[in-house]
Amino acid sequence: MIAQMTNMEPTTLLIWAFIALSLAIKFAWEKIELFLHSNFKYRVIDSLSFYVYYGDDNGIDASLKLDSPSPHILKRRMEGQNYLESKLAAVDATKASTFRGPKCASSLVDCRFALAKVCMPLLRELEFPNAGRNFVSEVCNNESDGMLMVTTEDGVSRPFVGNDAVHTFGVKTFYAPVQTEINRRMALDGNDNKDSMLRFCPISMNSELDKNVSLVKKLTGMDKVRYSLSGSEAVDAALKDIKASCNQKPLIVRFKSAYHGHVSGINVLDCAGHVFLPECSQKSLDFIERYHYRIAAVIVNPMQHFTGINKPSPPGEKVTYSSRIRSAVSREDYSRWLHSLQEKCNYCTKYLTKVAMVMDDIYFAFRTPELLSSKYFLHPETKAQLQPDVIILGKALAAGYPLSAVAGKEGFLNSYDKKFLLQVNKTVGTLAGWHGGIVASNVFLEALEGTGCVKISAKEQLRLLMNKCNAFALSLNAKLAAAGVPVRIRNFSNTFSIDYLNKSLYNSRYPQYLLAEGIFLGNYSTGKFNLNADVSDADFQLLEKKFVAAASKMQQDGYFEPMTSSAKVKLYSSLAARFTKNYAKLFYDQIMKDKHIDIEVSHNHPVNKFGHFWSSVGMIVFAYPLIFWYEEPVKGCCWFFITHVIRQSGHFFYEHQVSISLSCLVEKLLLLSDAYTCLLSMSMRKGPRH
């Protein structure tokens, strides 16, 4: 072969060299480009989680001085801290002993139930105990059948400005009759409803399942349906199905900061093979076409239209540490982007390789009269609907019951040649199509169509809700601007989020001031909240007063003061020093702990003591003299080996620890170092023996 290449004409050889070099460059650039669009940023941040250790508390005073405020601002902040403490930490001692919240919270792993975290993590010392405020005893509409009120075990009833992203319609006008009908169909105490017994035969086709498949297909315009229990599971199942249908192409394209769930395989850390591209960018469209042979699907969260492109989407916005000013993309511009994305995916599927366009409607769906994003984002010019290949729906599909669905076109969901015997369905679940969820979904979808138990027009209720929420946002923002406070709200239908105009380190305290105004917030500390269709004009006016009062009080207390550049540098430097010191202490303490365990478990054993003693004697009497006096490194190394075998034999026979202690690891490293020294000595000293 080499001889043939040697005999090639120079031109031919040059052509082959050019081809090889081009392929190498293409391969290298592809690896680099895919790496640059991977989740390495999130992995770097996650890797730091093992080193960023807060350590001992510094005290309230130090926590209020992180941005180097003036003495006047610090004094105002201390007054504000005292005010919040009087509102949020004051507990009636006679009732405190009867509160069930603290005991329940101590048994729960998921801290969201306890509503324990409000401020950003760096301000953890500014949190307040929430005993009495975090155990809900009753939820009901207010006296005028308006917004929901939450009564906690301290006996106080508060307006619910919460995080329920599923229940959008009115309680009494929609969900009450829906629930009554669900109960009737699921009842086991009568002979007139034999279908209720179908729950005891899971994973089987039946009349309720057949009806639901038809309703979901009619709603989405799709051909195939798959069921899951939650939205995150549905996304994971959809992407597995699509990969199986696209010849196992390895990549999934998603867009920066878009939220698609938390289960392994789709969250931003455990999503091997996911590519993160900027939204509304021609470069992203070019990327999809360029790597079509690797991309199985492009998944979109249409709530990005609300939060602003490439910005964290509800509920993905977790930390508020500076300003948050987001300009939403207009509906028309975002529609053009989605239709351009669809055209690109359709082009790849038709002329190149199959690339699925997936609309993640888990958060978006059933929030507008159009019900789905594909019907909401019409093309501005042609008024054509989106025609995605797959649509994912969450628990709103079943009125809040645990059921989600993936609906797709023919050929995109688990579609492959079944004669490949080892290619099997990778998504299973005993209760993935739980009968109770299927029944609830049927009742819900029938109510949307106007053929079920609900007497109102569900779509009209959504239209009125959108109008009311839009008017509330405009009115509240006008009042916030008139009050001169650096806070604004934004909304999409009944979903709201808070913007902060000043670059203050303490913006995340605003939810605390809302709590102090007597509002019950959900577990999202950023101020993201949802309202349902029961909210009246009087309720909106009450909320306006509370939001403005909370912002005004917070500004008065000096928590909206912007952080200067010099203060930011000082803060970052002090945090770097603090985290370095704290981690060094943790590392040192762990070494001492491992050493103590090693001594207690291993070195104090009589056999190990015996072996260590005679091993040391052998090193001193034989190994070292042979190396340094007689200049016989080979014999010296042999004696080193024999003595270390003696030293380690006791560990081998008498230790039962699974892990190797740090001290044993150090000994082995010293052994390698000794051997290296011996070999180096042997190579440098070859003179006659004295």
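Presented here is a report on the structure given in the accompanying data block. Keep in mind it's a predicted model, so treat the numbers as computed, not measured. (Residues numbered from 1 in each chain as written. Predicted model: local features only at pLDDT ≥ 70, side-chain atom pairs only at ≥ 80, totals over all residues. Heavy atoms only, no water.)

1. A short note on the overall build of the protein
Worth spelling out the cut-off: For the purposes of this entry, the term helix denotes a DSSP run of H or I that reaches at least four residues, the term strand denotes a run of E that reaches at least two, and both are numbered from the N terminus. Only the protein chains shown count as cover for residues, and the accessible areas themselves come from Shrake-Rupley with a 1.4 Å probe.
Looking only at helices and strands, the protein has 22 helices and 14 strands in total. Roughly 35,600 Å² of accessible area belongs to the protein as shown, and the carbon and sulfur atoms make up 62% of that amount.

2. Some remarks on the packing of helix H11 (residues 282-290) against helix H13 (residues 331-351)
To keep it simple, the criterion reads: Axes here mean lines fitted to C-alpha atoms, for a helix over just the part in contact, with angles spanning 0 to 180 degrees between N-to-C directions. Comment on the angle field: the value is read as roughly parallel under 35 degrees, roughly antiparallel over 145, roughly perpendicular from 65 to 115, and oblique elsewhere. The hand of a helix crossing depends on one turn: near helix anticlockwise from the far one by less than a right angle means left-handed, and clockwise means right-handed. Two residues qualify as a contact provided that any one of their heavy atoms is within 4.5 Å of a heavy atom in the partner residue. We call Asp, Glu, Lys and Arg charged. Ala, Val, Leu, Ile, Met, Phe, Trp, Tyr, Cys and Pro are nonpolar, and the rest, Gly among them, are polar.
For the pair H11 and H13, the least separation of the axes is 10 Å and the interaxial angle reads 15 degrees. The pairing of H11 with H13 is recorded here as roughly parallel in orientation. Remark: the crossing between H11 and H13 carries right-handed chirality. For the pair H11 and H13, the contacting residues are Ser-284, Leu-285, Ile-288 and Glu-289 in the first and Trp-337, Ser-340, Leu-341, Lys-344, Tyr-347 and Cys-348 in the second. Residue composition of the contact of H11 with H13, grouped by class: 6 nonpolar, 2 polar and 2 charged.

3. Side note on the environment of Glu-138
Where we set the bar: Partly exposed describes any residue whose relative accessible area lies between the buried limit of under 20% and the exposed limit of over 50%, with all areas from a 1.4 Å probe on protein chains only and scaled to the type maximum.
Relative to the elements of secondary structure, Glu-138 occurs in strand S1 (residues 136-141). Note on Glu-138: relative accessible area 43%, which makes it partly exposed. In this structure, the C-alpha to C-alpha distance between Glu-138 and Met-149, residues 11 residues apart in sequence, is 8.2 Å. Those residues in contact with Glu-138 that sit more than four places away from it in its chain are Met-149, Val-150 and Thr-151.

4. Section: the sheet that holds strand S11 (residues 487-492)
Let me state the cut-off plainly: Note on pairing: two strands pair once DSSP finds at least 2 bridges between them.
With antiparallel pairing, the 3 strands of this open sheet are ordered in space as S11-S12-S14. In the strand order of this sheet, the two ends are held by S11 and strand S14 (529-530), each with one partner. Inspection of the sheet shows S11 paired to strand S12 (residues 495-500) by 6 bridges, in the antiparallel sense. Residue Ile-489 lies in a different strand from S12, and its bridge partner there is Ile-498.

5. Quick notes on the pattern of salt bridges
Going by this rule: Think of a salt bridge as a Lys or Arg side-chain nitrogen and an Asp or Glu carboxyl oxygen that are within 4 Å of each other.
By the definition in use, this model includes 27 salt bridges. Between Lys-479 and Glu-544 there is a salt bridge, and its shortest N-O distance comes to 2.6 Å. Within this pair, whereas Lys-479 is found in helix H16 (residues 458-482), its partner Glu-544 is found in helix H18 (residues 537-556), the two being separated by 65 residues in sequence. Under the relative-accessibility criterion, Lys-479 is labelled partly exposed at 41%.

6. Here's the deal with H18
The cut-off we apply is this: Here the expected span of a helix is defined as 1.5 Å times the quantity of residues minus one.
Over its 20 residues, H18 runs 29 Å from end to end, which matches the ideal 28 Å to within 8%, given 1.5 Å per residue. Once H18 finishes, Gly-558 follows within two positions and takes phi at roughly 85 degrees, a positive value.

7. What to know about the state of the cysteines
The condition is simple: What counts as a disulfide here is a pair of cysteine sulfur atoms lying within 2.5 Å.
By the definition in use, this model includes 0 disulfides. Cys-345 carries a free sulfur, and the closest cysteine sulfur to it, the one in Cys-348, is 6.5 Å from it.

8. Focus: the packing of helix H9 (residues 207-220) against helix H15 (residues 435-449)
Orientation of H9 relative to H15, taken along the N-to-C sense of each, is 45 degrees, at an axis distance of 9 Å. Taken together, the axes of H9 and H15 lie oblique to each other. Here H9 and H15 pass one another in a crossing that is left-handed. Of H15, the residues touching H9 (which contributes Glu-208, Leu-209, Lys-211, Asn-212, Leu-215, Val-216, Lys-218 and Leu-219) are His-435, Ile-438, Val-439, Ser-441, Asn-442, Leu-445, Glu-446 and Glu-449. Broken down by class, the residue content of the contact of H9 with H15 amounts to 7 nonpolar, 4 polar and 5 charged.

9. Side note on the pairing of strand S10 (residues 404-408)
Regular strands place their side chains on alternate faces of the sheet. Counting buried positions along S10 gives 5 out of 5 residues, so the element sits mostly inside the fold. In this sheet, S10 lies alongside strand S4 (residues 224-228) in antiparallel orientation, the contact comprising 5 bridges. Looking across to S10, one finds that Ser-228 is bridged to Ser-404. Summarising the sheet, strand S9 (residues 390-393) and S10 pair through 4 bridges and their orientation is antiparallel.

10. Quick notes on the side chain of Arg-76
Filter applied, for reference: Pairing of N or O atoms within 3.5 Å defines a polar contact, subject to two protein rules: one partner must be a possible hydrogen donor and the other a possible acceptor, and residues neighboring in sequence count only if both atoms are side-chain atoms.
Looking at the element boundaries, Arg-76 is found in helix H5 (residues 71-88). Among the polar contacts listed, one links the side chain of Arg-76 to the backbone oxygen of Gln-556, at a separation of 2.9 Å. Arg-76 has contacts with Gln-555, Gln-556, Asp-557, Gly-558 and Glu-561, leaving out every residue within four places of it along the chain.

11. A look at unusual backbone geometry
The residue Ser-257 is not glycine, and still its phi comes out positive at about 70 degrees. With respect to the secondary-structure elements, Ser-257 resides in the loop between strand S5 (251-255) and strand S6 (274-277). Its relative accessible area of 24% is what places Ser-257 among the partly exposed residues. If you check the backbone angles, Ser-493 has positive phi at about 55 degrees while not being a glycine. Assignment of secondary structure puts Ser-493 in the loop between S11 and S12.

12. Let's talk about the packing of aromatic side chains
So the rule is basically this: Pairing of aromatic rings covers Phe, Tyr and Trp, the last counted by its six-membered ring, and requires centre-to-centre distances within 6.5 Å; plane angles under 30 degrees mean stacked, over 60 mean edge-to-face, and any other angle means tilted.
Going through the model one piece at a time under the given rule, you end up with 37 aromatic pairs. Measuring from centroid to centroid gives 5.1 Å for Phe-174 and Tyr-175, while their planes differ by 85 degrees, and the two rings are edge-to-face. Judged by centre distance (6.3 Å) and plane angle (50 degrees), the ring pair of Tyr-291 and Tyr-293 falls under tilted. Judged by its relative accessible area of 3%, Tyr-291 falls in the buried class. A residue is classified by how much of its surface remains accessible, and Tyr-293, at 34% relative accessible area, is partly exposed.

13. Digging into the pairing of S11
The buried count for S11 comes to 5 of 6 residues, which makes it a mostly enclosed element. Where S11 folds back on S12, the antiparallel hairpin that results is connected by 2 residues, among which Ser-493 adopts a positive phi of roughly 55 degrees.

14. Quick word on the nonpolar core
Nonpolar side chains in soluble globular proteins generally cluster together in the buried interior. Our working definition: What we call a nonpolar core is a set of buried Ala, Val, Leu, Ile, Met, Phe, Trp, Tyr and Cys residues that are connected through their side-chain atoms within 4.5 Å.
Membership of the largest hydrophobic core comes to 55 residues, with the highest contact counts inside it found for Tyr-510 and Phe-547. Ranked by residue count, the leading element in this core is H18, at 7 residues. Look past the residues within four positions of Phe-547 in its chain and what remains in contact with it is Val-161, Leu-476, Leu-480, Ile-498, Tyr-510, Leu-514, Ile-519 and Phe-529.

15. Topic: the sheet that holds S10
Hydrogen bonds along the backbone pair up the strands of a sheet, which may run parallel or antiparallel. The strand order S4-S10-S9-S8-S7-S5-S6 describes an open sheet built from 7 strands, whose pairing is mixed. Sheet topology places S4 and S6 at the edges, where each strand pairs with a single neighbour. Here the strands of the sheet are splayed against their neighbours by 20 degrees on average, with no regard to which way each runs. For S5 and strand S7 (residues 295-300), the ladder comprises 3 bridges, and the chain directions are parallel.

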